[in-house]
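Each chain, letter by letter, is given below.
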Amino acid sequence: MTTFAYQARDPLGHLTSGTLEVESRDDALARLKRDGFQVVELNEEESGQSLLPRRVKQADIIYATSQLAVMVDTGITLSAALGSIAEHEQNATLKEVLLDLRGRVESGEDFSTALARYPQHFDKTFVSLIRSSEQTGTMAEMLETVSGYLRSQLETRQKIRAALAYPSVMAVLAVCVTIFLLTYILPKFEPLFTRKGAKLPKPTIVMMAASDLLIDYWYVWIALAIAAFFTWFFGRRTEPGRKIIDWLKINTPIIGPMTRKVTISRSIRTLGTMVASGVSMLDAIRLTAEVASNWYYEQAWLRVLEQITQGNRICDALKAEDSLFPSTLVQMIGAGEETGKLEKVLNKVSVFYDREVETSLKATMSMIEPLMICAMGFVVGGIALGLLMPIFSLSRPG
């Protein structure tokens with residue numbers, strides 16, 4: 001595909017410009033003519049793709065989806081809307097994706113099929129919702145639904161990151177201060193203690209031994225840090241690694257309860273959005289398992305799916321997963337199934353758990369922050385005490 005930059009006049013005589021990605025110059029001219037444009041200038045753009053394409057952020061996808069929903073709702077054709085959004089898109093990678101989507105839609109390909117070619121930007125939930133709208137003829141409404149769904153997911157992630165920022169900085173600062181005191185400050189006092197022949201207290205002896213280990217075997221510590229990083233980085237991509245990491249996420253004190261609520265909130269919101277959009281229950285639960293982002297919840301949803309295929313109700317299947325799903329959640333879903341209002345119940349439950357996540361985040365941070373301060377004070381204070389105790393003993397007469 002070749003990219004052409006054009007200037008042309010639209011059917012109303014207004015001068016407009018943009019880019020087209022087509023096979024040849026003749027294809028570009030034909031497409032512009034078909035769209036009612038009178039070409040003023042058409043030039044081939046030089047290929048200037050970088051070795052590292054610019055990353056497409058979730059916020060970029062949400063903004064483009066919201067724009068697309070508004071334009072389609074006002075009666076603009078899908079291909080024209082994609083082209084207009086691409087023309088003003090600042091992210092070069094997303095612009096290329098939008099242009100390719102427009103070309104495929106114009107060639108007769110379903111929008112959902114075209115989206116499925118970019119799984120790194122549009123996940124299976126996005127594609128499934130759009131496919132459902134193609135069958136029901138509710139593209140504009142569905143695009144708005146998808147935009148709202150993605151926005152709520154992004155807001156939850158941003159809240160979690162913001163809440164964890166402070167304790168993360170405190171942890172890194174505590175480690176850095178400890179290493180600095182043990183490898184730079186303490187060695188400066190060691191000759192003084194040796195020269196005076198002072199009897200060192202046990203805390204000071206332990207700290208001096210730790211200082212010697214850090215200084216004499218620094219390369220071992222660096223190697224261990226690198227090995228730990230790569231073990232975590234590649235281990236989380238394997239099933240045993242995922243099981244260990246995800247188990248720690250949902251069972252670690254303080255952090256575990258918050259992680260469980262975040263995972264349940266994401267799962268119920270996805271399930272509610274899919275069911276409300278006309279996606280079949282089996283497909284909705286299968287996609288819910290994929291977005292759970294925790295191995296244990298993913299397997300639980302797959303077991304629920306198996307139970308439903310055998311004719312059981314969702315609430316009955318969830319009862320067997322009582323270690324992961326609270327009984328109140330199961331009862332609310334059961335009430336929705338009995339009254340035939342499962343869609344509304346799922347939406348209300350997702351809103352309830354969104355609020356629970358916010359409350360849990362605040363409660364967790366209110367516990368973590370003082371704990372981090374106490375831990376940092378204990379470490380730094382312990383090192384300072386280990387330095388001062390020998391000095392006090394040396395300063396005493398006799």
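What counts as what
Residues numbered from 1 in each chain as written. Predicted model: local features only at pLDDT ≥ 70, side-chain atom pairs only at ≥ 80, totals over all residues. Heavy atoms only, no water. Helix = DSSP H or I, 4+ residues; strand = E, 2+ residues; numbered from the N terminus. Rg over C-alpha atoms; globule rule 2.2 N^0.38 Å. Buried < 20%, exposed > 50% of the residue type's maximum accessible area, 1.4 Å probe, protein only. Contact = heavy atoms within 4.5 Å. Areas by Shrake-Rupley, 256 points an atom, 1.4 Å probe, with all protein chains shown as cover. Lys, Arg positive; Asp, Glu negative; His and termini not counted. Charge placed at Lys NZ, Arg CZ, Asp CG, Glu CD. Pairing = 2+ DSSP bridges. Axes fitted to C-alpha atoms, helices over the stretch in contact; angles between N-to-C directions. Core = buried A, V, L, I, M, F, W, Y, C linked by side-chain atoms within 4.5 Å. Phe/Tyr/Trp six-rings, centres within 6.5 Å; stacked < 30°, edge-to-face > 60°. Lys NZ or Arg CZ within 6 Å of the ring centre and 35° of its normal. Polar contact = N/O pair within 3.5 Å; in protein donor to acceptor, adjacent residues only side chain to side chain. Salt bridge = Lys/Arg side-chain N within 4 Å of Asp/Glu carboxyl O. Parallel < 35°, antiparallel > 145°, perpendicular 65-115°, else oblique. Left-handed = near helix turned anticlockwise from the far one by under 90°. Nonpolar A, V, L, I, M, F, W, Y, C, P; charged D, E, K, R; others polar. pLDDT = per-residue confidence, 0-100. Expected span 1.5 Å × (residues − 1). Arc of directions from axis to C-beta.

Chemist: Would you explain the overall build of the protein in this entry?
Modeler: Helices and strands together make up the secondary structure of the protein, namely 16 helices and 3 strands. In summary, the protein has a C-alpha radius of gyration of 30 Å against a globular reference of 21 Å for 398 residues, an excess of more than 25%. Here the protein holds 398 residues, and 38% of them are scored as buried. Taking contacts inside the protein between residues at least 6 apart in sequence as the whole, the part at least 24 apart equals 61%. In the structure as shown, the protein presents an accessible area of about 22600 Å², 60% of it carried by carbon and sulfur atoms. The average position of the 42 basic charges and that of the 43 acidic charges among the side chains of the protein differ by 10 Å.

Chemist: Sorry, what's going on with the sheet that holds strand 1 (residues 2-9) here?
Modeler: Within a sheet, each strand pairs with its neighbour through backbone hydrogen bonds, oriented either parallel or antiparallel. Spatially, 2-1-3 is the arrangement adopted by the 3 strands of the open sheet, whose pairing is antiparallel. In the strand order of this sheet, the two ends are held by strand 2 (15-22) and strand 3 (38-44), each with one partner. For this sheet, the mean inter-axis angle between neighbouring strands, taken without regard to orientation, is 25°. Of the strand pairs in this sheet, strand 1 and strand 2 are connected by 8 bridges, and their pairing is antiparallel. Following the sheet pairing, Tyr6 is matched in strand 2 by Gly18.

Chemist: Hey, could you run me through the nonpolar core in this one?
Modeler: Soluble globular proteins tend to bury their nonpolar side chains together. Within the largest apolar cluster, 68 residues are counted, with the highest numbers of intra-cluster contacts made by Leu68, Leu101, Phe111, Phe122, Ile130, Trp301 and Phe325. Ranked by residue count, the leading element in this core is helix 7 (residues 139-196), at 8 residues. Those residues in contact with Phe325 that sit more than four places away from it in its chain are Ile264, Tyr297, Ala300, Trp301, Leu318 and Val330.

Chemist: I'm lost on the environment of Ala300 in this one. Help?
Modeler: Inspection of the secondary structure puts Ala300 in helix 13 (residues 295-309). Ala300 sits 276 residues away from Ser24 along the chain, and the two C-alpha atoms are 51 Å apart. Contact partners of Ala300, with chain neighbours within four places excluded, come to Glu321, Leu324 and Phe325.

Chemist: Just checking my understanding: could you explain the packing of aromatic side chains for this structure?
Modeler: Two aromatic rings are characterised by how far apart their centres lie and by the angle between their planes. Using the criterion set out here, one finds 13 aromatic pairs in the structure. Seen in terms of ring centroids, Phe233 and Phe234 are 5.2 Å apart; in terms of plane orientation they differ by 90°. Their pairing is edge-to-face. An aromatic cluster is present here, built from Phe229, Phe230, Trp232, Phe233 and Phe234 joined pairwise through their rings. Sitting over the face of the ring of Tyr184, Lys188 holds its NZ or CZ atom 4.6 Å from the ring centroid. In this structure, Arg237 is placed above the aromatic ring of Phe233, and the distance from its NZ or CZ to the ring centre is 4.2 Å.

Chemist: Before we go on, may I ask you to explain the side chain of Glu321 in this structure?
Modeler: As for its position among the elements, Glu321 is in the loop between helix 14 (314-319) and helix 15 (327-339). According to the relative accessible area criterion, Glu321 is buried, its value standing at 8%. At a separation of 2.8 Å, a polar atom in the side chain of Glu321 contacts the side chain of Arg303.

Chemist: Whenever I open this one, the pattern of salt bridges confuses me. Can you help?
Modeler: Once their charged atoms are close, side chains differing in charge can pair, the charge on each being opposite to the other. All chains considered together, the criterion is met by 17 salt bridges. Between Arg104 and Asp100 there is a salt bridge, and its shortest N-O distance comes to 2.9 Å. Placement of the pair is Arg104 and Asp100 together in helix 4 (residues 92-106), with a separation of 4 residues, close to one helical turn. By relative accessible area, which is 25% here, Arg104 ends up partly exposed.

Chemist: Please explain the packing of helix 6 (residues 124-136) against helix 12 (residues 281-291) as it appears in this structure.
Modeler: Between two packed helices, the angle of one axis relative to the other and the distance separating the axes together describe the packing. The interhelical angle for the contact between helix 6 and helix 12, taken along N-to-C directions, is 155°, at an axis separation of 10 Å. Accordingly, the angle class assigned to the pair helix 6 and helix 12 is roughly antiparallel. Where helix 6 crosses over helix 12, the two elements pack in a sense that is left-handed. Facing Lys124, Thr125 and Ser128 of helix 6, the residues of helix 12 in contact are Leu287, Glu290 and Val291. Looking at side-chain class alone, the contact of helix 6 with helix 12 contains 2 nonpolar, 2 polar and 2 charged residues.

Chemist: Hey, could you run me through the confidence of the model for the protein in this one?
Modeler: Keep in mind that low pLDDT regions are not for reading the predicted coordinates in detail. Scored by pLDDT, the protein has a mean of 85; 95% of the residues are at 70 or more. Considering each helix and strand of the protein separately, the mean pLDDT is smallest for strand 2, with a value of 74, and largest for helix 13, with 93. Contacts for the low-pLDDT stretch residues 47-52, under 50 throughout, to residues beyond four places or in other chains number 1 contact.

Chemist: Where do I start with unusual backbone geometry in this structure?
Modeler: One can expect most non-glycine residues to show negative phi and most peptide bonds to be in trans. The phi angle at Ile254 is positive, at roughly 75°, despite the residue not being glycine. Tracing the backbone through its elements, the reader meets Ile254 in the loop between helix 10 (239-251) and helix 11 (255-276). Phi angles above zero are rare outside glycine, and Ser293 is one such case at about 60°. Within the secondary structure, Ser293 sits in the loop between helix 12 and helix 13. Take Ser293: its relative accessible area is 42%, and that puts it in the partly exposed class.

Chemist: Explain the pairing of strand 1 here, please?
Modeler: One face of the sheet, then the other: side chains in a regular strand alternate in exactly this way. Connecting strand 1 to the next strand, strand 2, in antiparallel fashion are 5 residues, including Gly13 with a positive phi near 90°. Both strand 1 and strand 3 contribute to a ladder of 6 bridges, which runs antiparallel. Among the inter-strand pairings, Arg9 is bridged to a residue of strand 3, identified as Gln38.

Chemist: Just to check I follow, could you spell out helix 15 for this structure?
Modeler: Spacing of three or four residues puts side chains on the same side of an α-helix, whose turn is 3.6 residues. The first and last C-alpha atoms of helix 15 sit 18 Å apart over 13 residues, in line with the 18 Å expected at 1.5 Å per residue. Among all positions of helix 15, only Leu329, Val330, Ile333, Gly334 and Gly336 are buried. In an axial view of helix 15, the angular spread of the buried residues amounts to 160°, which keeps them on one side of the axis. Relative to its buried face, helix 15 has exposed residues pointing more than 90 degrees away, namely Ser327, Gln331, Glu338 and Thr339. Within two residues after helix 15, Gly340 carries a phi angle of roughly 75°, on the positive side.

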